[in-house]
Amino acid sequence: MEQEQEQIENIRKMKKIKRIKRQQRRKTIMNFIITIVIITLLFVGLYFCDKQFGICDGKFVAIIQIAKKNINSIINTYFIKDTKIETNQNENTINENTINTTIKDEEEIAKEKAINIAIKKFKELGENTTASELEVVKIKRKYELYYYISSKENTVEVRIEDNKITRVNSVPVKEETNTNYNNQIRTEEDI
């Protein structure tokens, strides 16, 4: 009888130990998941605040953009099938100079996309232009990069990150000299 009671007691203790270990594993997994979520939220919040308010002077946004470019270059290097590799038959080594890729520099691609978007917008505005007639300037505003594309009659501003048109100016901008405004300053009351 005593042996049976001891065995029953041991079984209860073993079940209790298993239950406690299972609870500890669950707590560990939940703590890990919560930590990952908190870190992700911190990164997203820091990215948003840096992008909108410049808390880190745009450095955090720049780090994210660099990481994004590195990931894209890794993908292009290892997963694009248009890459040709020639080997030297005598030494069975790959010559770095013989690697031919059809991939253009990412910045050139972004610039070409922006120019094409601007040309489409200029056509919508009734102006027929070609890429050679356009003046393209890269600018930075609020820690974001833009292409400022000017034609003879219009200007378009295209955000580099997502190739969206952010500003359109359909009035030709002229530089005036020797203009006298009689030193008048307009206030909100005047308007």
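Provided above is the structure to which this section pertains.
None of the values given here were measured: they were computed from a predicted structure.

Procedures and definitions
Numbers given to residues run from 1 along each chain, matching the order in which its sequence is written. Local features in a predicted model are, by the rule used here, given only for residues with pLDDT of at least 70; side-chain atom pairs are given and counted only at 80 or more, and totals for whole chains, interfaces and linings are based on all residues. As a convention, hydrogens and water are excluded, and side-chain values are obtained from all of the structure's heavy atoms. Each pair of strands is called paired provided DSSP finds at least two bridges between the two strands. A run of H or I in DSSP counts as a helix once it spans at least four residues, and a run of E counts as a strand once it spans at least two, with each numbered from the N terminus. Axis geometry follows a simple rule: fit a line to the C-alpha atoms, using only the stretch in contact for helices, then measure angles between N-to-C directions, giving values from 0 to 180 degrees. Two residues qualify as a contact provided that any one of their heavy atoms is within 4.5 Å of a heavy atom in the partner residue. Throughout this description, the term salt bridge denotes a Lys or Arg side-chain nitrogen within 4 Å of a carboxyl oxygen of Asp or Glu. Summary of the burial criterion: residues with accessible area below 20% of their type's maximum are buried, those above 50% are exposed, and those between are partly exposed, where the area comes from a 1.4 Å probe applied to protein chains only.

1. Describing the sheet that holds strand β5 (residues 155-159)
So, point 1. The four strands are arranged β3-β4-β5-β6 in an open sheet whose pairing can be described as antiparallel. Both outer strands of the open sheet, β3 (135-141) and β6 (164-169), are each paired with one neighbouring strand and no more. Strand after strand, the sheet turns through a mean of 25° between neighbouring axes, direction not considered.
So, point 2. Across five bridges, strand β4 (residues 144-150) lies against β5 in antiparallel orientation. Looking at the pairing, S150 lines up with T155 of β5.
So, point 3. Relative to the sheet, helix α3 (residues 106-124) contacts β3, β4, β5 and β6, its axis offset from that of β4 by approximately 50°.

2. Details of the pattern of salt bridges
So, point 1. Enumeration according to the criterion identifies five salt bridges in this entry.
So, point 2. In this structure, R159 and E144 form a salt bridge, with 3.9 Å as the shortest nitrogen-oxygen distance. Taken as a pair, R159 in strand β5 and E144 in strand β4 lie far apart in primary sequence, 15 residues in all.
So, point 3. Using a relative accessible area of 21% as the deciding quantity, one classes R159 as partly exposed.
So, point 4. On the basis of relative accessible area, E144 is assigned to the buried category, the value being 12%.
So, point 5. R167 serves as the salt-bridge partner of E157, at 3.9 Å between the closest nitrogen and oxygen. Taken as a pair, E157 in strand β5 and R167 in strand β6 lie far apart in primary sequence, 10 residues in all.
So, point 6. Classification of E157 as buried rests on a relative accessible area of 2%.
So, point 7. Owing to a relative accessible area of 48%, R167 belongs among the partly exposed residues under this scheme.

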